[in-house]
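Residue strings, one per chain:
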Amino acid sequence: MGAVKQHLIDPEICIRCNTCEATCPIGAITHDDHNYVVDASICNACMDCIAPCPTGSIDNWRPVARPYSLDDQFSWTELPPAVPGSETIDALEDEAAALLAEAHARGGGHAKAPASAAKPRVNLHIRANPAMATVTGNFRITAADAESDVRHIILDFATTPFPVLEGQSIGITPPGVGAQGRQHAMRLYSVASPRDGERPNTNNLSLTVKRVAERQPDGGIFRGIASNYICDLRKGDRVAVTGPFGATFLMPDDPAADILMVCTGTGAAPFRAFTERRRRIAHRGPGRLWLFFGARTPQELPYFGPLQKVPRALLEQELVFSRLPGQKREYVQHRMASRGPELAQLLCRPATHVFLCGLKGLEAGVDDAFAAIGRDAGFEWPALRAAMREDGRFHSETY
Ligand code: FAD
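So, a few notes on the structure that sits alongside this text. On a predicted model such as this, the values are computed, not experimentally measured, just so you know.

What about the overall build of the chain?
Reasoning step 1: Of regular secondary structure, the chain possesses 11 helices and 17 strands.
Reasoning step 2: Against the 2.2 N^0.38 benchmark of 21 Å for 399 residues, the chain shows a C-alpha radius of gyration of 22 Å, consistent with a compact globule.
Reasoning step 3: Seen through its principal axes, the chain has C-alpha atoms that stretch 70 × 55 × 45 Å.
Reasoning step 4: Burial status across the chain gives 51% buried among its 399 residues.
Reasoning step 5: A separation threshold of at least 6 residues defines the contact pool for the chain, and within that pool the share at least 24 residues apart is 72%.
Reasoning step 6: Here the chain has roughly 18,500 Å² of accessible surface; of this, 53% comes from carbon and sulfur atoms.
Reasoning step 7: Averaging the positions of the 43 positive and the 45 negative side-chain charges in the chain gives two centres separated by 9 Å.

Quick look at the nonpolar core
Reasoning step 1: With 27 residues, the main nonpolar core has I259, M261, F271, F274, L291, F293 and L307 as its most contacted residues.
Reasoning step 2: Those elements that place two or more of their residues in this core are β13 (258-264), α6 (269-281), β14 (289-295), β15 (316-321) and β16 (352-358).
Reasoning step 3: Core analysis: the next-biggest nonpolar cluster, separate from the first, contains 24 residues, M336, A344, V354 and L384 among them.

Side note on the sheet that holds strand β7 (residues 169-172)
Reasoning step 1: Judged by pairing direction, the sheet is antiparallel, and its six strands sit side by side in the order β8-β7-β12-β5-β6-β9 without closing on themselves. The open sheet is flanked by β8 (187-190) and β9 (204-210), the only strands paired with a single partner. Going from strand to strand, the sheet's axes swing by 45 degrees on average, the running direction of each strand aside.

Thoughts on empty space enclosed by the protein
Reasoning step 1: Evaluation of the coordinates by the stated rule reveals four cavities of 30 Å³ or more.
Reasoning step 2: The volume enclosed by the largest cavity comes to roughly 90 Å³.
Reasoning step 3: Class assignment for the residues of the lining of the largest cavity results in 12 nonpolar, two polar and one charged.
Reasoning step 4: Quantified by volume, the second largest cavity comes out at close to 70 Å³.
Reasoning step 5: Together, 14 residues line the second largest cavity, and C14, C17, C20, C53 and S57 are the ones closest to its centre.
Reasoning step 6: Classifying every residue of the lining of the second largest cavity gives nine nonpolar, four polar and one charged.

Quick word on the side chain of E300
Reasoning step 1: For E300, the location among the structural elements is in the loop between β14 and α7 (304-308).
Reasoning step 2: In this structure, E300 is buried with no salt-bridge partner, the nearest side chain bearing the opposite charge being R296 at 5.2 Å.
Reasoning step 3: Here E147 takes part through its backbone nitrogen, which lies 2.7 Å from a polar atom of the side chain of E300.
Reasoning step 4: Each residue touching E300, except ones within four places of it in the same chain, is listed here: T142, A146, E147, S148 and A295.

Calculation rules
- Residues numbered from 1 in each chain as written.
- Predicted model: local features only at pLDDT ≥ 70, side-chain atom pairs only at ≥ 80, totals over all residues.
- Heavy atoms only, no water.
- Helix = DSSP H or I, 4+ residues; strand = E, 2+ residues; numbered from the N terminus.
- Rg over C-alpha atoms; globule rule 2.2 N^0.38 Å.
- Buried < 20%, exposed > 50% of the residue type's maximum accessible area, 1.4 Å probe, protein only.
- Contact = heavy atoms within 4.5 Å.
- Areas by Shrake-Rupley, 256 points an atom, 1.4 Å probe, with all protein chains shown as cover.
- Lys, Arg positive; Asp, Glu negative; His and termini not counted.
- Charge placed at Lys NZ, Arg CZ, Asp CG, Glu CD.
- Core = buried A, V, L, I, M, F, W, Y, C linked by side-chain atoms within 4.5 Å.
- Pairing = 2+ DSSP bridges.
- Axes fitted to C-alpha atoms, helices over the stretch in contact; angles between N-to-C directions.
- 1 Å grid on protein atoms, 1.4 Å probe; cavity = no way out; pocket = protein on both sides within 12 Å on 5 of 7 lines; lining within 4 Å.
- Points joined across faces, edges and corners; volume = space filled by probe spheres on them.
- Nonpolar A, V, L, I, M, F, W, Y, C, P; charged D, E, K, R; others polar.
- Salt bridge = Lys/Arg side-chain N within 4 Å of Asp/Glu carboxyl O.
- Polar contact = N/O pair within 3.5 Å; in protein donor to acceptor, adjacent residues only side chain to side chain.

See below:
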């Protein structure tokens, strides 16, 4: 196991404005007459304090063998020197945090984890210390004749601990270097399996990865670096994995929680994990799982075949298609509108959680649909959304 990552505030830059202490949802930040400091025994790296800080002094992460105490931090006038070699570690962790901050920007910049979610482990494996996984499966999960090639990839960690929760992501950095001779950037991928593996008690996880291959105006095809690397992996190949990442977009563990899931494309990955978790743990609980999943055609919808076999008592499904021959285009927001009264009732229940995942374009349409549903039912969606977010019950992850 590598060093522990400790969150620190740079006393030289900090203007003592109290924003971080006021923002921290779990009381990990405190201060005396000199400094604002972070209690390493409380901080869970949720990142809620990072964006509001006006100076950036909050965004310091040091790998340490033993965390600095509060007294150490109160005595500083500047941060202690970084351990040689830790710059690479900081760069990677900033990279993961930045990708997640961007993915959560619209729907949940200050999102909280659901109150009943288990405590996630984050940044266990970093660039200097990746977990080595072996590919044990790579299956196409869109039809053979579909335009998009989406794959279900299984990564096995053998005896290396890689604990994930449903909703978390992992990092994969494609091997080799880019045009300027620099190492490629890390990409994040949502975990598509539940915490105890593809099959119960296996130390593996799965991903849902779309091969990026885009036709260019000059007729050539641009191939995404990481997605093509992953989609071309073969059984037995070894992959360096970082993470897990993400501390807010997490499945509630409460079996009474109603979970409304809205997605397109590979956005289905975390919801596969949610569904399998419920199937194994709480299938007799009172909570509903209700999925709105949009694609152009059934052939293009990842996991279309397996979804047909999921009992409706476990997962209610609204599979919505926008390119069925001879039929009007339907998008998820249209289907949501047609289920308006039932959705309105659900949204107003305190046990309901909403999760959105998929391409960036998804959010605006879904938000409009919720707003219209709210107008018809007599509530203001923006106010309800803000309250749900504050309560850890509204989450959006788009990329
Ligand atoms: P890149 O090489 O990074 O290219 C990305 C895009 O940039 C291209 O589509 C293209 O439009 C443009 N581009 C870049 N260079 C050029 C060029 N030279 N010419 C033309 N266009 C160019 N993806 C999944 O498939 N499954 C997931 O579960 C998943 N989960 C994610 C979770 C999170 C939190 C985040 C942030 C992202 C997630 N992603 C997921 C997206 C994933 O991280 C990658 O962004 C995606 O796979 C594309 O990476 P790539 O290296 O293949 O493409």
